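# Inside the fold
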Amino acid sequence: MSIKVRIPTPLQKLSNGKAEVECSAKNITELLDALEKDYPGMKERLSEGGKVRRFINIYVNEEDIRFVNKEETALKDGDSISIVPAIAGGCGLLWNAESENRRKR
Amino acid sequence: MLTFRKSDLQTMIDHCTAGLPNEACGMLAGKAGKVEKIYCMKNAKPGPDFYEMDAEEQFRVMKDIRDAGLEMVGMFHSHPTGQAYPSSVDVEKAYWPGTQLPNYPDAVYVIISFMDRAKPVARGFSIEEGKVDEVRLSMP
Ligand SMILES: [Zn+2]
């Protein structure tokens, strides 16, 4: 079983410079473990307490896993995974945890 | 140096003006430091002090850019009341979470300040490992 994973530039040091790697996994949680086994440090970069980090978006083919089944999103042979850092920022004058919480509500 | 047409700057200013009082954002596609296409995008977390691209739209635009044989040469966002310089939040979010590794090391971050609404100011920056440098914006 082979799944293609596109590695974003900031993590390519961990993948020995490779922009694309292959691995086997039945879901995203297994994928994180499989990546960690081949490229130590990868899991911690991508997740925290088993959850994909905020500001990191993972796509299976073209589907955002957040709108499928999050970390339990099923994978199958031939799937192609993209890991895409969110683009965000702000003038930061008022930005803090409080204003972010307000926005979530 | 990042080169674009005057009309591209106007496209960015118009999009950001429409988004006021909140921040607005978009992407710049092109090649070799030359902007060929502007994508005006949605602010998924609109606030006067924050922006975040909509994840789906960001993915779609990045794919569109690749399919067109172009590169993401930069992105833009507005500072409705702040100066045209990357804030600490801009810099933090330019890095992979918890590191100082730039997410998009080759992209120019264009910031448009509306401190003077009648005269918006645009400046460009590269955000690399641990440092911010100005990138000249050129409109021949
Ligand atoms: Zn900003």
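Throughout what follows, the structure given in this document is the object of discussion. (Residues numbered from 1 in each chain as written. Chains lettered and ligands numbered in written order. Predicted model: local features only at pLDDT ≥ 70, side-chain atom pairs only at ≥ 80, totals over all residues. Heavy atoms only, no water.)

All names here are of chain B. Every protein donor of the zinc ion is accounted for by H77 (NE2), H79 (NE2), D90 (OD) and D90 (OD), and the metal-donor separations fall at 1.9 to 2.4 Å. Around the zinc ion, the 4 donor atoms are arranged such that angles at the metal cover 58 to 160°; this shape is classified as irregular. All donor residues of the zinc ion come from one chain, and their arrangement in sequence is H-x1-H-x10-D. Taken together, the residues span a long stretch of sequence, with H79 in strand β5 (residues 71-79) and D90 in helix α3 (residues 88-94) at a distance of 11 residues. The pair H79 / D90 is uniform in exposure class, with both members buried. (Donors = N, O, S within 2.8 Å, 3.2 Å for Na, K, Ca; no water. Tetrahedral: all angles 85-135°; square planar, octahedral: opposite > 155°, others 65-115°. Helix = DSSP H or I, 4+ residues; strand = E, 2+ residues; numbered from the N terminus. Buried < 20%, exposed > 50% of the residue type's maximum accessible area, 1.4 Å probe, protein only.)

Next up on the list: the pairing of β5 of chain B. Residue and element names in this part refer to chain B. With respect to burial, β5 is a largely interior element, 8 of its 9 residues being buried. Of the pairings in the sheet, the one linking strand β2 (residues 25-31) to β5 comprises 6 bridges and is antiparallel in character. In the strand pairing of β5, C25 is matched with H77. Of the strand pairs in this sheet, β5 and strand β6 (residues 108-113) are connected by 6 bridges, and their pairing is parallel. Residue pairing across strands places H79 opposite S113, the latter belonging to β6. Following the chain from β5 across α3 to the adjacent parallel β6, one finds a crossover that is right-handed. (Pairing = 2+ DSSP bridges. Right-handed = clockwise from strand over helix to strand, strands pointing away.)

Before going further, it helps to spend a moment on the state of the cysteines. Covalent bonding between the sulfur atoms of two cysteines is what defines a disulfide. Residue and element names in this part refer to chain B. Summed over the entire model, instances satisfying the criterion amount to 0 disulfides over all chains. No disulfide involves C16; its sulfur sits 7.7 Å from the nearest other cysteine sulfur, which is in C40. Assessed through its relative accessible area of 0%, C16 is described here as buried. (Disulfide = S-S within 2.5 Å.)

Further remarks concern the sheet that holds strand β6 (residues 63-64) of chain A. Ordered by their spatial adjacency, 5 strands build an open sheet running β2-β1-β7-β5-β6 (chain A), and the pairing between neighbours is mixed. Pairing within the sheet leaves two strands with one partner each, and these edge strands are β2 (20-23) and β6 of chain A. Two elements, strand β1 (residues 3-6) of chain A and β2 of chain A, share 4 bridges in a ladder whose sense is antiparallel. When the sheet's bridge partners are listed, R6 of chain A is paired in β2 of chain A with E20 of chain A. In this fold helix α1 (residues 28-38) of chain A packs onto β1, β2, β5 (56-60) and β7 (80-85) of chain A, with an angle of close to 110° to the strand it touches most, β2 of chain A. Across the face of the sheet, helix α2 (residues 55-67) of chain B comes into contact with β1, β5, β6 and β7 of chain A while running at roughly 110° to β7 of chain A. (Contact = heavy atoms within 4.5 Å. Axes fitted to C-alpha atoms, helices over the stretch in contact; angles between N-to-C directions.)

The final tally for this structure, using the stated rule, is 16 salt bridges over all chains. Across the pair K131 of chain B and E128 of chain B runs a salt bridge, and its minimum N-O distance is 3.8 Å. For K131 of chain B, a relative accessible area of 41% corresponds to the partly exposed category. In this structure E128 of chain B comes out as partly exposed when scored by relative accessible area, which is 31%. Each of E44, R45, E48 and R53 of chain A takes part in salt bridges that share partners, so that together they form one network. (Salt bridge = Lys/Arg side-chain N within 4 Å of Asp/Glu carboxyl O.)

Ranked by internal contacts, the top residues of the largest apolar core, which has 25 residues, are I87 of chain A together with M27, I65, M72, M75 and Y104 of chain B. Elements represented by at least two residues in this core include exactly β2, β3 (34-41), α2, β5 and α3 of chain B. With 5 residues, α2 of chain B is the largest single contributor of residues to this core. Those residues in contact with Y104 of chain B that sit more than four places away from it in its chain are V84, P85 and I87 of chain A together with Q58, M62, M72, M75 and Y109 of chain B. (Core = buried A, V, L, I, M, F, W, Y, C linked by side-chain atoms within 4.5 Å.)

Attention now goes to the interface of chain B and chain A. The interface is formed by 37 residues belonging to chain B together with 34 residues belonging to chain A. Summing both sides of the interface, chain B and chain A together bury roughly 3100 Å²; the carbon and sulfur share of this comes to 62%. Connecting chain B to chain A are 2 salt bridges. At the junction of chain B with chain A, the criterion picks out 11 residue pairs in polar contact (both at pLDDT 80 or more). Where the side of chain B that touches chain A is concerned, the elements lending two or more residues are β4 (51-52), α2, β5 and α3 of chain B. In terms of residues, the side of chain B that touches chain A owes the most to one element, α2 of chain B, which gives 7 residues. In the side of chain B that touches chain A, the residues fall into 18 nonpolar, 9 polar and 10 charged. (Buried area = accessible area lost by both parts, 1.4 Å probe. Polar contact = N/O pair within 3.5 Å; in protein donor to acceptor, adjacent residues only side chain to side chain. Nonpolar A, V, L, I, M, F, W, Y, C, P; charged D, E, K, R; others polar.)

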